Amino acid sequence: MQVRRLSILGVGLLGGSIGLAARSILSDCHVVGYGHRKATLDRALEIGAIDEAAGELEAAVLDADLVILCTPVGMFSEILRTIAGKLKAGAIVTDVGSTKRSVVAEAARHLPKGAHFVGSHPMAGSEKRGVEFARTDLLAGALCILTPDGSTDAKALAAVEEFWRTLGMHTTRMTPAEHDAALAGVSHLPHAVAAALVAMQRPEALKLCGKGFLDATRIAGGDGGLWRDIFIDNADQVRAALGELREMLAKFETLLDPEKGEELRAWLDEAAKAREALVRERLREEE
């Protein structure tokens, strides 16, 4: 599918970066951006993230080949309901949300038969927020997870996969349920832990923190509303990941006995080796 008209609903960091990349790489693509705030849309136009601004959802998706939901996941249901009757036949809708079971279900509930939904989750972003931090290369070399289910149109899936790859991303596929279970552990729980580490500190202790604390808690600077929606939407899997973390911390606590010093060292070394292997793998992927 050739994307001649791209509609980005929510022109923030990620939506703006998608627009910048699409306008840079897809020469015949006209990018329409939707947002609530005129200042945000004006800034998106100014930096070249979009060709056209729309303050209404219906106008934003009119005649679009591909629509990308880039708002917080808590807004997806209402957006899908609103745009359903305005999508042209054959239009494809995807998203960038960090949870997938709910959006797939909402798309099936609201979208007409002539439109197709394919869940996407680009694993790219930053703790920063706002279109002013958008970058043309934000997606380059990053992973995008596509989440088809049994009702996903094969041609639409291939088209969305091709779109992300054209923007420089690697892609993989998993079911919505597999996605939400995996991301609870490697994305959602880490954000909660980072926030908890900051929240538990006394003000006088925070004055003493070094680079290690700042590195470990960097993601706690993310948008609270966006993460609230993610945690609530994926609460069952986040609770399951929390249970696994409690078990691991309980094991760590038992290793604080001086007589278990070598076992503690081995536990730490094992985690260090696993992280080093992950870093090496990511570096190879970027080459």
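Residues numbered from 1 in each chain as written. Predicted model: local features only at pLDDT ≥ 70, side-chain atom pairs only at ≥ 80, totals over all residues. Heavy atoms only, no water.

**Some points on the pattern of salt bridges**
What counts here: What counts as a salt bridge is simple: a side-chain nitrogen of Lys or Arg found within 4 Å of a carboxyl oxygen of Asp or Glu. Helix and strand definitions here come from DSSP, where helices need a minimum of 4 consecutive H or I residues and strands a minimum of 2 consecutive E residues; each element is numbered from the N-terminal end.
On inspection of all chains with the given rule, the structure shows 19 salt bridges. Across the salt bridge formed by Arg173 and Glu161, the nearest N and O atoms sit 2.6 Å from each other. With Arg173 in strand 9 (residues 170-173) and Glu161 in helix 6 (residues 154-166), this pair connects stretches of sequence that are 12 residues apart. Through salt bridges with shared partners, a single ionic network connects Asp63, Asp65 and Lys88.

**Some thoughts on the pairing of strand 5 (residues 92-95)**
Keep this limit in mind: Three labels apply to residues, based on accessible area from a 1.4 Å probe with only protein chains included: buried if under 20% of the type maximum, exposed if over 50%, partly exposed otherwise in between. Classification remark: right-handed applies to a crossover when, strands pointing away from the viewer, the course from the first strand over the helix to the second runs clockwise. One requirement defines pairing of two strands: DSSP has to find at least two bridges between them.
On strand 5, burial covers both faces: Ile92 and Thr94 on one face and Val93 and Asp95 on the other are all buried. Considered for its hand, the β-α-β crossover made up of strand 4 (residues 66-69), helix 4 (residues 76-83) and strand 5 is right-handed. Relative to strand 6 (residues 116-117), strand 5 is paired through 2 bridges, and the arrangement is parallel. Among the inter-strand pairings, Ile92 is bridged to a residue of strand 6, identified as His116. Since strand 5 and strand 6 lie parallel, the crossover through helix 5 (residues 101-110) that links them has a hand, and here it is right-handed.

**Some words on the packing of helix 7 (residues 176-199) against helix 11 (residues 235-254)**
For clarity, the threshold we go by: Axis lines are fitted through C-alpha atoms, for helices just across the contact stretch, and the angle between N-to-C directions can take any value from 0 to 180 degrees. For classification, angles of less than 35 degrees are called roughly parallel, those exceeding 145 degrees roughly antiparallel, those between 65 and 115 degrees roughly perpendicular, and all remaining angles oblique. By convention the crossing between two helices is left-handed if the near helix lies anticlockwise of the far one by an angle smaller than a right angle, and right-handed if it lies clockwise. The contact criterion used is simple: two residues touch if any of their non-hydrogen atoms lie within 4.5 Å. The residue classification treats Ala, Val, Leu, Ile, Met, Phe, Trp, Tyr, Cys and Pro as nonpolar and Asp, Glu, Lys and Arg as charged. All others, Gly included, are polar.
One way to put it is that helix 7 packs onto helix 11 with a least axis distance of 9 Å and a crossing angle of 70°. Taken as axis vectors, helix 7 and helix 11 run roughly perpendicular relative to one another. For the pair helix 7 and helix 11, the sense of crossing is right-handed. Along its contact with helix 7, which presents Asp180, Ala181, Ala184, Gly185, His188, Leu189 and Val193, the element helix 11 presents Gln237, Val238, Ala241, Leu242 and Leu245. Taken together, the residues of the contact of helix 7 with helix 11 sort by class into 8 nonpolar, 3 polar and 1 charged.

**As for the sheet that holds strand 9**
Strand order in this open sheet of 3 strands is 7-8-9, and the pairing throughout is mixed. Of all strands in the sheet, those with a lone pairing partner are strand 7 (120-122) and strand 9, marking the two edges. Neighbour-to-neighbour, the strand axes of the sheet open up by a mean angle of 20°, direction not taken into account. Summarising the sheet, strand 8 (residues 143-146) and strand 9 pair through 4 bridges and their orientation is parallel. Residue Leu143 lies in a different strand from strand 9, and its bridge partner there is His170.

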